[in-house]
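Next come the chains, spelled out residue by residue.
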Amino acid sequence: MLKIGNVKIKTPIFLAPMAGVTNEAFRIICHELGAGLVYAEMVSDKAVVQQNQKTLEMIKVNELEHPISMQIFGTDLETFVEAAKYIDKNSDCDIIDINMGCPAPKIAIKSQAGAFLLKHPDRIYEVVKAVVEAVDKPVTVKIRLGWDEDNINCVEVAKLIEKAGAQAIAVHGRTRNQFYSGKADWNWIKRVKESVKIPVIGNGDVFSGEDAARMLAETGCDAVMIARGAQGNPWIFQEINHYLATKEKMPEPSLTEWRDVVFRHADLLMGLKGERIAASEMRKNLAFYFRGKAGATSYKIRATQINSINELKELVNEYINGYDNDKGERKDGRP
C-alpha cells in the first residue's frame with residue numbers, strides 16, 4: 001500500500017486533475033471503478049483568497065471521494081500560502097497539490113503560473129517550502145519536464161521540491177511547449193525517480209493496463225496518473241488494476257454496465273449542478289462515452305445536442321436497443 005504523508009492509498013492508479021472534467025461526479029465514479037487517488041480540478045489561489053463562491057464550491061469534498069487531492073495554482077508566495085491554509089482548514093481533502101505544470105496560455109503565460117514556474121526553480125522551492133510549513137495536510141507537486149526541449153530541468157526541480165518538504169511529485173513526461181503532442185518521454189520520469197526518495201507519480205500516454213504496467217516497470221515510479229485515458233472510460237482504473245494483478249486484459253464493460261455508469265454520471269452531475277448545467281456538461285462527456293462504440297458516429301454528434309438528462313437517457317437507450325450483441329454491430333446499419 002502506497003503512502004503519501006499519512007494518507008494510505010490502496011491502488012497505485014490515480015485520476016489526474018483536468019479542468020472541466022474531474023468534478024465531484026466524475027471523481028466518485030472513478031473511485032468506484034478503482035482509482036486509488038483522485039485529483040480535483042485545479043483552483044486559483046487568488047480565487048480562494050478572494051472567497052469566490054464558485055471556487056469555494058469546487059473545494060468541497062463528498063465522503064465518497066476519499067482519498068482526494070485538492071490542487072491549487074498561482075504565482076505569488078503570499079496568496080499561495082493563504083489559499084493553502086484556507087483549504088487545509090476548510091476542505092475535507094486529504095492532500096494539497098501545487099500545480100507547476102499546466103501548459104495552458106492563460107495559466108502559464110498570462111498568469112505566469114503552472115508550468116511558468118519551471119523557469120524559476122528557486123521560486124518553486126520557496127513556494128513549496130512555505131506551503132508545507134503552513135499546512136497540516138501532506139503537500140505534493142505536479143510538474144512537467146521543463147519549459148521546452150532546450151530547458152528540461154525536471155530532475156533539478158524534483159530535488160528542490162523534495163528538499164522543500166513535499167511528500168510526493170507527479171511528472172508529466174512532456175515539456176510545456178509540447179502541450180499534449182508528441183510522445184511522453186518516460187525516461188525523464190525514471191531519472192526523477194532515481195534522484196529523489198519521495199514517491200514519484202508517472203503521467204503521460206497511459207491508455208491501458210499494458211501501458212500502466214510498462215510505465216511502472218520502465219520508470220520504477222510508485223504510481224501512474226491517468227488523464228485523457230479516463231475521459232469516457234472510467235473503467236480504465238478497473239482494467240489497469242486487473243491487468244497488474246493477473247497480466248490479463250479485462251473484457252470491456254457490457255452495454256448494461258456502460259449505460260449504468262453513464263446514467264450515474266449524469267445523475268450525480270445533476271444533483272451537483274442542477275439539470276441545465278448538468279445537461280450542458282454531459283454533452284461533451286457523452287460524446288466521449290460513445291467514442292469507440294460500434295456504429296456510434298451519429299450518436300456522438302447527437303450527444304452534443306442534448307438539452308436534458310432525459311434526452312441523454314433516451315439517446316443511450318436508443319443506441320442500446322439498436323445494437324446486435326451477437327454480431328457486435330448496429331441492427332439498423334447506422335454508422
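How each quantity is defined
- Residue positions are given per chain, counting from 1 as you read along its sequence in written order.
- For this predicted model, a pLDDT threshold of at least 70 governs which residues receive local features, and a threshold of 80 or more governs which side-chain atom pairs are given and counted, while totals over whole chains, interfaces and linings are taken from all residues.
- Side-chain measures here rest on the full set of heavy atoms in the structure, leaving out hydrogens and waters.
- Helix numbers and strand numbers start at the N terminus; a helix is a DSSP run of H or I with at least 4 residues, a strand a run of E with at least 2.
- Within these notes, the globule rule equals 2.2 Å times the number of residues to the 0.38 power, and the radius of gyration is based on C-alpha atoms.
- Any residue under 20% of the maximum accessible area for its type is buried, any over 50% is exposed, and the rest in between are partly exposed; the area is computed with a 1.4 Å probe on protein chains only.
- Here the limits of each domain have been adopted from an automatic or database domain assignment.
- The contact criterion used throughout is that any non-hydrogen atoms of two residues lie within 4.5 Å.
- Throughout, buried area stands for the accessible area (probe radius 1.4 Å) lost by two parts on being put together, summed over both.
- For salt bridges, the criterion is a side-chain nitrogen of Lys or Arg within 4 Å of an Asp or Glu carboxyl oxygen.
- In the scheme used here, Gly and all other residues not listed as nonpolar or charged are polar, with Ala, Val, Leu, Ile, Met, Phe, Trp, Tyr, Cys and Pro taken as nonpolar and Asp, Glu, Lys and Arg as charged.
- UniProt positions are given in the numbering used here, feature names are shortened, and annotations may be inferred rather than shown by experiment.
- Any helix carries an expected span of 1.5 Å times its number of residues minus one.
- The bend at a residue is defined as the angle formed between two axes, one fitted to the seven residues ending at that residue and one fitted to the seven starting there.
- The axes are straight lines fitted to the C-alpha atoms, using for helices just the contacting stretch, and the angles between their N-to-C directions are given from 0 to 180°.
- Definitions for this section: a left-handed crossing has its near helix turned counterclockwise from the far helix by less than a right angle. A right-handed crossing has that turn clockwise.
- Only a pair of cysteine sulfur atoms within 2.5 Å counts as a disulfide in this structure description.

Undergrad: Any details on the overall build of the chain? Residues and values, ideally.
TA: Within the chain, the regular secondary structure consists of 14 helices and 13 strands. Relative to a compact globule of 335 residues, whose C-alpha radius of gyration would be 20 Å, the chain shows 20 Å and is just as compact. Along the longest, intermediate and shortest principal axes, the C-alpha atoms of the chain span 60 × 45 × 35 Å. For the chain, buried positions account for 56% of its 335 residues.

Undergrad: Account for the domain arrangement of the chain, naming residues and giving values.
TA: Here the chain is partitioned into domain 1 (2–246) and domain 2 (255–329). Centre-to-centre separation of domain 1 and domain 2, based on C-alpha positions: 29 Å. At the junction of the two partners, domain 1 supplies 16 residues and domain 2 supplies 14 residues. Here domain 1 and domain 2 share an interface that buries about 1,200 Å² over both sides, 63% of which is from carbon and sulfur atoms. A per-residue breakdown of the area domain 1 buries against domain 2 is headed by Ile29, Gln231 and Trp235, which together make up 37% of the total. The tally of links between domain 1 and domain 2 comes to 1 salt bridge. Put simply, glutamate 32 and arginine 264 hold a salt bridge, and the shortest N to O gap is 2.6 Å. Residues belonging to the side of domain 1 that touches domain 2 are distributed by class as follows: 9 nonpolar, 4 polar and 3 charged.

Undergrad: An account of the UniProt feature "domain: DUS-like FMN-binding" (unreviewed entry) in the chain is requested, with residue identities and associated values reported.
TA: Summarizing the sequence annotation, UniProt attributes the feature "domain: DUS-like FMN-binding" (unreviewed entry) to residues 15–317 in the numbering used throughout. Structurally, residues 15–317 is divided into 49% helix and 12% strand, and its ends, taken at the C-alpha atoms, are 28 Å apart.

Undergrad: Any chance you could break down the side chain of asparagine 203 for me, citing the residues and the numbers?
TA: Within the secondary structure, asparagine 203 is located in strand E10 (residues 200–203). Beyond its immediate stretch of four places on either side in the chain, asparagine 203 contacts Lys142, Val171, His172, Gly173, Ile189, Met215, Met225 and Ala227.

Undergrad: Go over helix H12 (residues 275–290), please, and point to the residues and values.
TA: End to end, H12 covers 21 Å across 16 residues, agreeing with the expected 22 Å (1.5 Å per residue, within 8%). Considering bend angle alone, the principal kink of H12 is centred on arginine 283 and spans about 35°. Turning to H12, its buried residues are Ala278, Ala279, Met282, Asn285, Leu286, Ala287, Tyr289 and Phe290. Those residues of H12 that are buried lie in contact with helix H1 (24–32), helix H11 (255–273), helix H13 (297–303) and helix H14 (309–321).

Undergrad: Outline the UniProt feature "active site" (unreviewed entry) in the chain, supporting the account with residue identities and numerical values.
TA: In the numbering used here, UniProt assigns the "active site" (unreviewed entry) feature to Cys102. With respect to the helices and strands, the residue cysteine 102 is situated in the loop between strand E7 (95–100) and helix H5 (105–110). Look at cysteine 102 and you get buried, because its relative accessible area is 12%.

Undergrad: Tell me about helix H4 (residues 77–90), and name the residues and values.
TA: One turn of an α-helix holds 3.6 residues; hence residues three or four places apart share an orientation. For H4, with 14 residues, the first-to-last C-alpha span of 20 Å sits near the 20 Å given by 1.5 Å per residue. For H4, the full list of buried residues reads Thr79, Phe80, Val81, Ala83, Ala84, Ile87 and Asp88. Of the surrounding elements, those touching the buried residues of H4 are strand E5 (43–44), helix H2 (45–49), strand E6 (68–73), E7 and helix H6 (121–134).

Undergrad: Talk me through the packing of H1 against H11; I want residue IDs and the actual numbers.
TA: The interhelical angle for the contact between H1 and H11, taken along N-to-C directions, is 140°, at an axis separation of 8 Å. In terms of crossing hand, the pair formed by H1 and H11 is right-handed. In contact with Glu24, Ala25, Phe26, Ile28, Ile29 and Glu32 of H1, H11 contributes Val261, Arg264, His265, Leu268, Leu269 and Leu272. Taken together, the residues that form the contact of H1 with H11 break down as 8 nonpolar, 1 polar and 3 charged.

Undergrad: Lay out the pattern of salt bridges in plain terms, naming residues and giving numbers.
TA: Under the defined criterion, the tally for this structure stands at 17 salt bridges. We note a salt bridge from lysine 313 to aspartate 267, for which the minimum N-O separation is 3.0 Å. Of the two residues, lysine 313 is situated in helix H14 and aspartate 267 in helix H11; the sequence distance between them amounts to 46 residues. Lysine 313 gets classed as partly exposed once you look at its relative accessible area, which sits at 21%. In this structure, a network of salt bridges that share partners links the residues Asp88, Lys89, Asp136 and Lys137.

Undergrad: Explain the state of the cysteines residue by residue, including any values.
TA: Applying the stated rule across the entire model yields 0 disulfides. No disulfide involves cysteine 102; its nearest neighbouring cysteine sulfur is the one of cysteine 154, lying 18 Å away. With no disulfide of its own, cysteine 154 lies closest to cysteine 221 among cysteine sulfurs, the gap being 13 Å. On the basis of relative accessibility, which here comes to 0%, the residue cysteine 154 falls in the buried class.

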